[in-house]
Amino acid sequence: MTFIEEKLNAGIITTTVDWALNWARKRSIFPMTFGIACCAIEMMAVGASRFDLDRFGAGAFRATPRQSDLMIVAGTVTFKMAERLNRLWQQMPEPRYVMAMGACAISGGPYHKFGYHVVKGVDQVVPVDIFVPGCPPRPEALIEGLMRLQDKIDTHTIARR
Amino acid sequence: MNDIRLQSQPDLSYQDEIPADVRTEELLVNMGPQHPSTHGVLRVVLQTDGEMVLKATPHIGYLHRCAEKIAENVTYPQFVPYTDRMDYLAAMNNNLGFALAVEKMAGIEVPPRAQYIRVIFAELNRIASHLVAVGTYGLDMGAFTPFLYCFREREWILDLFESACGARLTYSYITIGGVRQDLPDRFADMCEEFLDFFEHKIVEYNNLLSYNHIFIQRTGNVGVCPAPLAVAYGLTGPCLRGSGVKWDLRKAAPYSRYDEFEFDVPVGEGRFGTVGDCWDRYFVRVLELTQSARIVRQALQKLSPGPVEAKVPRSLKLPAGEIYSEVENPRGQLGFYIVSDGGRSPYRLKVRGPSFCNLSILTALAKNCLLADMAAIIGSLDVVMGEVDR
Amino acid sequence: MLLPDIISLIQAQTAEAVVAASADGLHPHVRVKPERLLEVCSYIKTEPQLNFDLLRCISAIDRPQEALIELSYDVLSIPLNHAIAVKVMLDRARPEIDSVCSIWPAAEWHEREAFDLMGVSFKNHPDLRRILMPDDWSGYPLRKDYQDLTEYHGLKIKP
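Residues numbered from 1 in each chain as written. Chains lettered and ligands numbered in written order. Predicted model: local features only at pLDDT ≥ 70, side-chain atom pairs only at ≥ 80, totals over all residues.

Caption draft 1: Representation of the overall build of chain B. Summing up its helical and strand segments, chain B has 16 helices and 9 strands in all. Radius of gyration (C-alpha) of chain B: 22 Å, near the 21 Å computed for a compact globule of 390 residues. Partitioning the intrachain contacts of chain B with sequence separation of at least 6 by distance along the chain shows that 72% fall at a separation of at least 24. (Helix = DSSP H or I, 4+ residues; strand = E, 2+ residues; numbered from the N terminus. Rg over C-alpha atoms; globule rule 2.2 N^0.38 Å. Contact = placed C-beta atoms within 7 Å.)

Caption draft 2: Region of the structure containing the overall build of chain C. Within chain C, the regular secondary structure consists of 3 helices and 9 strands. Reading chain C from its N end, one meets helices and strands in the order α-β-β-α-β-β-β-β-α-β-β-β. Based on the C-alpha atoms only, the size of chain C along its principal axes is roughly 55 × 30 × 25 Å.

Caption draft 3: Spatial organisation of the sheet that holds strand β8 (residues 348-352) of chain B. Residues and elements named next belong to chain B. Taken in spatial order, the 3 strands line up as β6-β7-β8 in an open sheet, and their pairing is antiparallel. The open sheet has two edge strands, β6 (321-329) and β8, and neither has a second partner. Looking at each pair of strands side by side, their axes are set apart by 10° on average, direction ignored. Relative to strand β7 (residues 332-340), β6 runs antiparallel, the two being bridged by 9 bridges. Its bridge partner lying in β7, I323 is registered against I338. (Pairing = 2+ DSSP bridges. Axes fitted to C-alpha atoms, helices over the stretch in contact; angles between N-to-C directions.)

Caption draft 4: Just the sheet that holds strand β1 (residues 18-22) of chain C, in detail. All names here are of chain C. A sheet is described by the order of its strands in space; here 5 strands give the open sequence β1-β2-β5-β4-β3, paired in mixed fashion. Each end of this open sheet is capped by a strand with a single partner; those strands are β1 and β3 (54-63). Across the sheet, the axes of successive neighbouring strands diverge by a mean angle of 20°, strand direction being ignored. When β3 meets strand β4 (residues 68-77), the two strands line up antiparallel, connected through 9 bridges. Among the inter-strand pairings, D62 is bridged to a residue of β4, identified as I69. In this fold helix α1 (residues 3-13) packs onto β1, β2 (29-32) and β5 (82-91), with an angle of close to 175° to the strand it touches most, β1. Along the sheet, helix α3 (residues 107-118) makes contact with β3 and β4, crossing β3 at roughly 10°.

Caption draft 5: Layout of the environment of P184(B). All names here are of chain B. Note on placement: P184 falls in the loop between β5 (178-179) and α7 (187-210). Spatially, the C-alpha atom of P184 lies 6.0 Å from that of A164, the residues being 20 residues apart in sequence. In this structure P184 touches S163 and A164, once residues within four positions along its chain are discounted.

Caption draft 6: Here's a closer look at the interface of chain B and chain A. Contacts between the two partners involve 28 residues from chain B and, on the opposite side, 29 residues from chain A. Secondary-structure elements contributing two or more residues to the side of chain B that touches chain A are α2 (67-71), α3 (76-84) and α6 (145-165) of chain B. Counting residues per element, the side of chain B that touches chain A draws most heavily on α6(B), at 5 residues.

Caption draft 7: Broad picture of the interface of chain C and chain B. Each partner contributes to the interface: chain C provides 24 residues, whereas chain B provides 29 residues. At the level of elements, β3 and α3 of chain C are the ones that each hand at least two residues to the side of chain C that touches chain B. At 6 residues, the largest contribution of residues to the side of chain C that touches chain B is made by β3(C). Of the residues in the side of chain C that touches chain B, the class split is 16 nonpolar, 4 polar and 4 charged. (Nonpolar A, V, L, I, M, F, W, Y, C, P; charged D, E, K, R; others polar.)

Caption draft 8: Highlighting the nonpolar core. Judged by nonpolar contacts, the single largest core of 220 residues is most densely connected at V73(A), M99(A), M101(A) and I377(B). Looking at which element gives the most residues to this core, the answer is helix α5 (residues 112-140) of chain B, with 16 residues. Beyond its immediate chain neighbours, meaning those up to four positions away, V73(A) contacts F34(A), V98(A), M99(A), A100(A), M101(A), A105(A) and V122(A). (Core = buried A, V, L, I, M, F, W, Y, C linked by C-beta atoms within 7 Å. Buried ≥ 20, exposed ≤ 12 C-beta atoms within 10 Å, placed from the backbone.)

Caption draft 9: Spatial organisation of the confidence of the model for chain C. Considering every residue of chain C, the mean pLDDT works out to 87; 100% of them sit at 70 or more. For this predicted complex, the interface confidence reaches an ipTM of 0.91, while the overall pTM sits at 0.89. (pLDDT = per-residue confidence, 0-100.)

Caption draft 10: Highlighting α5(B). The terminal C-alpha atoms of α5(B) lie 42 Å apart, and with 29 residues this matches the ideal 42 Å at 1.5 Å per residue to within 8%. Phi turns positive, to about 90°, at G142(B), one or two residues after α5(B). (Expected span 1.5 Å × (residues − 1).)

Caption draft 11: Expanded view of the packing of α5(B) against helix α12 (residues 278-302) of chain B. Residues and elements named next belong to chain B. Direction vectors running N to C along α5 and α12 enclose 155°, while the axes themselves pass 9 Å from each other. By the angle class used here, α5 and α12 are roughly antiparallel. Note that α5 runs across α12; the crossing there is left-handed. Here α5 contributes Y116, V119, I120, E123, L124, R126, I127, H130, A133, V134 and Y137 to the contact with α12, which in turn contributes Y282, R285, V286, E288, L289, S292, A293, I295, V296, A299, L300 and K302. Grouping the constituent residues of the contact of α5 with α12 by class yields 16 nonpolar, 2 polar and 5 charged. (Parallel < 35°, antiparallel > 145°, perpendicular 65-115°, else oblique. Left-handed = near helix turned anticlockwise from the far one by under 90°.)

Caption draft 12: View of the confidence of the model for chain B. On average, residues of chain B carry a pLDDT of 87, and 95% of them reach 70 or more. Contacts for the low-pLDDT stretch residues 1-7 of chain B, under 50 throughout, to residues beyond four places or in other chains number 7 contacts.

Here it is, written out as structure tokens:
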């Protein structure tokens, strides 16, 4: 019992601003509906009946970048797509996060060696927070990636360093 | 509403009411490549006049992954995983198409058990693929629940696939010479159990979505594709059958022992509008669910013990020559054109993606339709961009 | 109608347009003179005994040793359930051929693809642009002598 809590009535808790902000932020991650290739089907499966991303507060897929916090790059990024991807990322409000889902988004994957039209890793285009490996990653892997992102959000602070 | 759609020329009579000093012009609307109802990275540039779409120009290539160039650099067995990633909703069927083409050229005889296993998985994958098509089409039309229902059943099919090969989406299970490994124990029972459950669920989809009044209003008489137009644009699969053309490669040129099975080929009848409208294309897929389940049941009966893989040389070389071979995929005819110079990898491999041809009709279908109908038309074609761009 | 009959009918009706033909093998085809392609195609589409109404695929094959580019038009008849391929050989230095869009509208995208990836140009095509690659890409990727560019808009192509 700290001094201040003794002074307050029951039903009131004290915490830091950081904790409260991060608590709210990490439990309402709105991903963007941004399926590119095969991984998008697994992303849909994560949002659908069995895996139900809503349990983690991240099931509200937004169709527009302006309402979303997380861009899940689910699939192969090509040179034709790269500029559009960057533009979508620019349109997202801060704080924004990017998850590279699957081997293609991480490094080009199976198209690494001979793919003349495949960007070898989406981190060349936008900064990536979380890499989820797999081809395609299983839904459990994507959920794990989301939980690691929540951990990352937990470390944020509004204090100026 | 219907009058506007069926007119060949847009109704421009309202222009007379516009005061002379108001300048009007056509507006270009860019739809995609990131748009929830384009099923991937399709971009359509719409030339609009108010709510009317005068012309729709699809732009593709945002997922061009160079599969044909890669094929020239890898060996035949190494290319099997790349076929998975073309039409990623029907990976088994893609594996089958490629394996059949190579086997025909190399003269490999596949054991009967493997052929029936292939049919079982091809048809289960057809069900899974059509479930996604039906579910997401509901999503496009604003019905969220069917999507969850369809994915529930799809997960069950994926469990069956997982028990056989360990993967959920990209299987590489059907390989050159047979299948990768034999079925797990009790697979037939698990499959029967699923089919018993599944066949009742089709009624549920129909009640929930197919005969839903709002859904019929959104899709009936929209995007009408007459049979001659469909053939001229090279449509195949449910899109062609939706226009009333009874053409199915499994009947017309049976492969992998499809001639031993009894099944019907459903065609569009124009129950809620004209033959070849979006509802017809959608409903052909629903009807095919039943037929695929029928085939799986028959194939399970025919399974008898035996080897599941023919002897294939470790470094497979095809004789010099060429072949064009097609299979009936959930989206249409998937063709592989292989030119071999006698080496271990193809000299040239060309893939005829059914979605590629099906999508090319979009400009013709989406002429003078309403803006809101674009989602209905694109969704009813059920394209997979991985296959359009390859 | 059997394949040899189909081929002999085409040979008989299109005077000397057919250079070579093969009825057996895995890919039965007739090879025609490039300048007569349009004529042969419109004949096999309209002749009631042939009625090749569905164009399945147009494939381009690069053959640098012979300095040729081969085009293969795979066609199918839905009412009569038979199939054949029509082939033409083009000069690799200046590959140019008549477009068959007027006969099969399906050819539009297939021809654009051949133009994009193989550099074949089609005369009288309604809209001949690159289809898969970006408009400002240089080179034809499926040619055998294609060299990867080093970078595109600041992104490295070779890792």
